Amino acid sequence: MIGVKAESSTTIALNSKPAKSKRKQKQKGATNLAGYIFISPWLIGFLLLTLWPIAQSFYLSFTDYSLLEDPVWTGTDNYAKIFTSDATFTKSLSVTFMFVLFSVPLKLFFSLMVALALSKNIRGMNIYRTAIYFPSLIGGSIAVAALWRNMFGIDGYINQVLAWFGVEGVGWISNPDTSLGTLILLNTWQFGSTMVIFLAGLKQVPQELYESASVDGAGKVRKFISITLPMLSPVMFFNLVLGIIGSFQTFTSAFIITKGGPINSTYMYAMFLYEKAFKHYQMGYASALAWILLTIVALLTIINFAASKYWVFYESDGGKTK
């Protein structure tokens, strides 16, 4: 009898294991379903408003499409025309590269200097931080671009200030030699978000490192070079990648302030793409331009990641990148 009871209890235990397993699977399935329901608004938006337009754009880049007629498949004709016979493409790309080459380093440098100044523990520093960051909240707006145009116009505020010192101003916007510089200055002035990220990175640098360096007799410059810059290198790398991506997409300032002039000296790539799409209604051609821009930005990002192992240092990895 004891053997029978033991056998029956073992049988019941074995039979109960699949039941528990099924119950756990049902609970896990219900949990997953609830998770999918909660993320469904974002998922639907991503599929319909992001992924599907990207796929459509890729298809249209191989077609002749004017919005008024059905797209006609032309293969690689758009890309061939862009690279072989479109001088405006070359001009806009060179202007954009020049803009990125100067604006990104200047913005990083200025943001870092301001962040260093705002990282000091002095009375009322929170007020100073808010006051300095506040203009960046509207830094990329059309209103600021219009204000910048008035400031650097022939009768603008900059020339009025220069006149107080007996200096004759120039048409900063209407002069091909200085027009791009005004846009670079505007992009540099929009340093708020980059500065905040640098400021957060500075707060994460261990103070013990500075104290040890002081004991060894290191000065401020030596501390900055040997401690601050290496510890900030991941933050700097992050800001660099975002800065390059954002600068390649610059449109509002060029469109509002200079309209691409004079003599196409500020004719940005994004402005060229916009005019092809919404002024000349060459949607297929504009889609090809968009994918070329995506490829350029992706290649530069890959190069930055590949080069980062030589100058980006992570504390968790013993001061070396993987």
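Up top you'll find the structure we're talking about.
Only a predicted model underlies this, so the values are computations on that prediction, with no experimental measurement involved.

J.: How should the packing of aromatic side chains be read in this particular structure?
T.: Aromatic ring pairs: the centre-centre distance and the angle between the two ring planes describe each pair. The final tally for this structure, using the stated rule, is 19 aromatic pairs. An angle of 40 degrees between the planes, with centres 5.5 Å apart, marks the rings of Y274 and F278 as tilted. Residue Y274 and its partner F278 are located together in helix α12 (residues 269-278), separated by four residues, close to a single helical turn. With relative accessibility at 51%, the residue F278 sits in the exposed group. Positioned above the aromatic ring of F255, the side-chain terminus of K259 is 5.3 Å from the ring centre.

J.: Would you explain helix α5 (residues 142-151) in this entry?
T.: Note: α-helices contain 3.6 residues per turn, so residues at a spacing of three or four share the same orientation. Every buried residue of α5 is accounted for by V144, A145, W148 and M151. Down the axis of α5, the smallest arc covering the buried residues is 120 degrees, so these residues share one side. Across α5 from its buried face, at more than 90 degrees, point the exposed residues I142 and A143. Packing partners of the buried residues in α5 comprise α6 (157-164), α7 (179-189) and α11 (252-258).

J.: So what exactly am I meant to see when it comes to the nonpolar core here?
T.: In terms of nonpolar packing, the biggest core is built from 58 residues, with F89, F198, M268, Y269 and L289 touching the most fellow members. With twelve residues, helix α3 (residues 87-118) is the single largest residue contributor to this core. Aside from chain neighbours lying at most four places away, what touches L289 is I82, F89, Y269, F272, L273 and K276.

J.: Which parts of the structure should I look at to understand helix α2 (residues 77-85)?
T.: Buried residues of α2: N78, Y79 and I82, and no others. Down the axis, α2 shows its buried residues gathered within 100 degrees of arc, on one side only. Looking at α2, the residues exposed on the side facing more than 90 degrees away from the buried face are T84 and S85.

J.: Where do I start with a negative patch on the surface in this structure?
T.: Judged by side-chain charge, D64, E69, D70 and D77 come together as a negatively charged surface patch. Along the chain, the position of E69 falls in the loop between β1 (63-64) and β2 (72-73). Under the relative-accessibility criterion, E69 is labelled exposed at 58%.

Cut-offs used in this document
Residues numbered from 1 in each chain as written. Predicted model: local features only at pLDDT ≥ 70, side-chain atom pairs only at ≥ 80, totals over all residues. Heavy atoms only, no water. Phe/Tyr/Trp six-rings, centres within 6.5 Å; stacked < 30°, edge-to-face > 60°. Helix = DSSP H or I, 4+ residues; strand = E, 2+ residues; numbered from the N terminus. Buried < 20%, exposed > 50% of the residue type's maximum accessible area, 1.4 Å probe, protein only. Lys NZ or Arg CZ within 6 Å of the ring centre and 35° of its normal. Arc of directions from axis to C-beta. Contact = heavy atoms within 4.5 Å. Core = buried A, V, L, I, M, F, W, Y, C linked by side-chain atoms within 4.5 Å. Patch = residues over 30% accessible without salt bridge, like charges linked within 9 Å, V, L, I, M, F, W, Y side chains within 5 Å. Areas by Shrake-Rupley, 256 points an atom, 1.4 Å probe, with all protein chains shown as cover. Salt bridge = Lys/Arg side-chain N within 4 Å of Asp/Glu carboxyl O. Lys, Arg positive; Asp, Glu negative; His and termini not counted. Charge placed at Lys NZ, Arg CZ, Asp CG, Glu CD.

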